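Given next are the chains, with one letter for each unit.
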Amino acid sequence: MKNFFFCILCTCIVRNSHAQINITGTSSQALPAFFIIDKEPKSVATPSNPRKLAASILNAFDQEGGFNPDVGIEFAPYWLRDSSRISLPTPNPGQQYIPAAFQSLAFSIASAEEKKINSDISGRVIGLGFRIHPALRINVSTAQNVRNMTRNGTLINIIQFVSLQAAFNNMLNQNAIVTQIRDQINIQYATDLDARVLYNTYLDRMVQKTPMTANENATAYIQRLQDAMVMNVNISQEKLYDNNSNRRKFNWEVAGATGMRFPTNEIGFSYLSRVGIWTSVSYSIGGNNNRRVCSFNGMARILSSFTDSITTNYDAGISFTGKWWPSLPFSLEFVGRRYVYEYDDINQAGDTINRIDRKNTYRLALTADFAIDEDLSLNFTFGRDYDKPFQTSGNLLGIIGLNYTFGTRNKLR
Amino acid sequence: MPIERVNKTEQYELGTGSLQLRAWVGYNQFGTISAWLNQQPLGTANSLDKTIGPVKQLSGKRLVVISTVQDIMASTNTTSITIELSDGTNSKTYTYTQAVSVNGGAVIYSIIINLI
């Protein structure tokens, strides 16, 4: 299913900035590598094993060895390991939480095309970034965690029981074994429709992936089926980490990235164009069913850009996002910025000097997104943007956009 | 990942009163315990505490306790399960341990207890 978006800008500011850093806002960026090069990814690969990572990196290059544009990759080294070597860190006796910052460490790579004005030469800009949640910890005792870990275990127990029955009753073929397993699932969870559906679906999937082979006896087949399921118990650990980080009220992320320019798309001709490090915190206040209805966010970052001049931004900001009612989410955002702009100039005596400009500015913006119906929404941003040199046509910030989504409507109601 | 398997067959001599089954896995281990009396499931939980019934109706039946245990103690790599049976006259505790060859490894315990 494809989503298409188009946007009508009724009034807009011209973003032909003097300095090279246009990054705004206080929100935590999902992909630091794209954030640093100030581009939007068309697609992002998230490889889950070393082979897929290698394939993703190879796809980042074209036939002539140059970088493909708009390529994004993000991977977490911890989860690339062989799943049999992944286990939960050891909690100390009585410990309710285990730190999991290392598991959240992720690296990202981004590539985008960059064309010089009045030139046919197209170069590339490459971003390399990382992000980590230093305070991430896993609650090992929550019912959710245990359920994730043991649901598969329950099915394995049932299959093991059927394995014993098979030995007693001399069951020989896959259908008889699967029927027995299904009967046991349905008996054991006669009053729990969710569990019956879950286990039967999972069983079908595992049997499809692990069919009985010719000349294989029932015991050997059932053991193979169990082995496949235990592998999934390990995989469910990654979901456990995701669930924990997504459900948390407090989130703290530290991220950094660097951008490299390849003006002629050649490895030999490149230079460091941007470096940045930033941290963001957010605290969400929950609504029903764990859907947060509002959050407070804070951000601090340092971003430097190196071209024929050097621009460094020191930003700190806060924002509040919330919903007046479900169809009208909004955010109010304030970012203070001090920039230091260094460039070559000539003084009154005609000497070449390194001029340094320092200035403070800020951005204050209100953004709202009004959902007209399921597929159509109207969004607007209004406020004050940064002063020059970041904007060259005044600092009024006013954007109205119409957002329409094709192809997401469900066929069945 | 290899799964270790522990298969045991035991005897329990029934006394009088009601038969009580308790079973649990070791500390810091994820585990699911399921029990069957003959072919009828008795229940599934992280730890079981179940009254099976008057012993006079249980003679000759087979109690099957199966547990899938995953060790999260990276320092020990050992899993364990304990099954406790008691009635008004007798009681018996069965404890099994099994090392796993890799961190986070799993063990399936299949314990058949013939009630006599």
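What comes next is a walk through the structure.

Here is what the cut-offs are and how they apply
- Residues numbered from 1 in each chain as written.
- Chains lettered and ligands numbered in written order.
- Predicted model: local features only at pLDDT ≥ 70, side-chain atom pairs only at ≥ 80, totals over all residues.
- Heavy atoms only, no water.
- Pairing = 2+ DSSP bridges.
- Helix = DSSP H or I, 4+ residues; strand = E, 2+ residues; numbered from the N terminus.
- Axes fitted to C-alpha atoms, helices over the stretch in contact; angles between N-to-C directions.
- Salt bridge = Lys/Arg side-chain N within 4 Å of Asp/Glu carboxyl O.
- Buried < 20%, exposed > 50% of the residue type's maximum accessible area, 1.4 Å probe, protein only.
- Phe/Tyr/Trp six-rings, centres within 6.5 Å; stacked < 30°, edge-to-face > 60°.
- Parallel < 35°, antiparallel > 145°, perpendicular 65-115°, else oblique.
- Left-handed = near helix turned anticlockwise from the far one by under 90°.
- Contact = heavy atoms within 4.5 Å.
- Nonpolar A, V, L, I, M, F, W, Y, C, P; charged D, E, K, R; others polar.

A closer look at the sheet that holds strand S8 (residues 91–99) of chain B
All names here are of chain B.
- Strand order in the open sheet made by the 4 strands is S5-S2-S7-S8, with antiparallel pairing throughout. A single partner strand is all that each edge strand has here, and the edge strands are strand S5 (48–54) and S8. Put simply, the sheet's adjacent strands are angled 15 degrees from each other on average, direction ignored.
- Two elements, strand S2 (residues 18–25) and strand S7 (residues 78–86), share 6 bridges in a ladder whose sense is antiparallel. Residue pairing for S7: Val25 is matched across the bridge by Ile81.

Some thoughts on the pattern of salt bridges
- Under the definition given, this model contains 10 salt bridges over all chains.
- With a shortest N-O distance of 3.6 Å, Glu253 of chain A and Arg131 of chain A are connected by a salt bridge. With Glu253 of chain A in strand S7 (residues 250–262) and Arg131 of chain A in strand S5 (residues 122–132), this pair connects stretches of sequence that are 122 residues apart. Across the pair, exposure class does not vary: Glu253 of chain A and Arg131 of chain A are buried alike.
- One salt bridge connects Glu84 of chain B with Arg22 of chain B, and the closest N-O pair in it is separated by 3.1 Å. One end of the pair, Glu84 of chain B, is in strand S7; the other, Arg22 of chain B, is in strand S2, and 62 residues separate them in sequence.
- Assessed through its relative accessible area of 34%, Arg22 of chain B is described here as partly exposed.
- Several salt bridges converge on common partners, so that one network encompasses Glu74, Arg131 and Glu253 of chain A.

Here's the deal with unusual backbone geometry
- Of note, Asn215 of chain A is a non-glycine position whose phi angle comes to about 70 degrees, a positive value.
- Looking at the element boundaries, Asn215 of chain A is found in the loop between helix H7 (193–209) and helix H8 (218–247).
- For Asn38 of chain B, which is not glycine, the phi torsion reads 50 degrees and is therefore positive.
- Position of Asn38 of chain B relative to the elements: it lies in the loop between strand S3 (29–37) and strand S4 (40–45).
- Using a relative accessible area of 32% as the deciding quantity, one classes Asn38 of chain B as partly exposed.

Quick word on the packing of aromatic side chains
All names here are of chain A.
- Counting across every chain of the model gives 7 aromatic pairs over all chains.
- Ring geometry for Phe296 and Phe320: centres 5.0 Å apart, planes at 50 degrees, overall tilted. With a gap of 24 residues between them, Phe296 in strand S9 (residues 292–306) and Phe320 in strand S10 (residues 310–323) connect regions that are remote in the sequence.
- Classification of Phe296 as partly exposed rests on a relative accessible area of 42%.
- Residue Phe320 is classed as partly exposed on the basis of its relative accessible area of 26%.

Let's talk about the environment of Asp183 of chain A
- The topology assignment puts Asp183 of chain A in helix H6 (residues 174–188).
- Distance from Asp183 of chain A to Val162 of chain A, taken between C-alpha atoms, is 9.9 Å for residues 21 residues apart in sequence.

Section: the pairing of strand S9 (residues 106–115) of chain B
All names here are of chain B.
- Of all 10 residues making up S9, 9 are buried, and the element is well covered by its neighbours.
- Here strand S1 (residues 3–12) runs beside S9; their pairing, made up of 10 bridges, is parallel. By the bridge assignment, Glu4 is partnered in S9 with Val107.

Description of the packing of H6 of chain A against H7 of chain A
Residue and element names in this part refer to chain A.
- At a minimum axis distance of 10 Å, the contact between H6 and H7 shows a crossing angle of 165 degrees. Relative to H7, the element H6 lies roughly antiparallel. H7 is crossed by H6, and the crossing has right-handed handedness. Contacts between H6 and H7 involve Gln174, Val178, Ile181, Arg182, Ile185 and Asn186 on the former and, on the latter, Arg196, Tyr199, Asn200, Leu203, Asp204 and Val207.
- Residues of the contact of H6 with H7, tallied by class, amount to 6 nonpolar, 3 polar and 3 charged.

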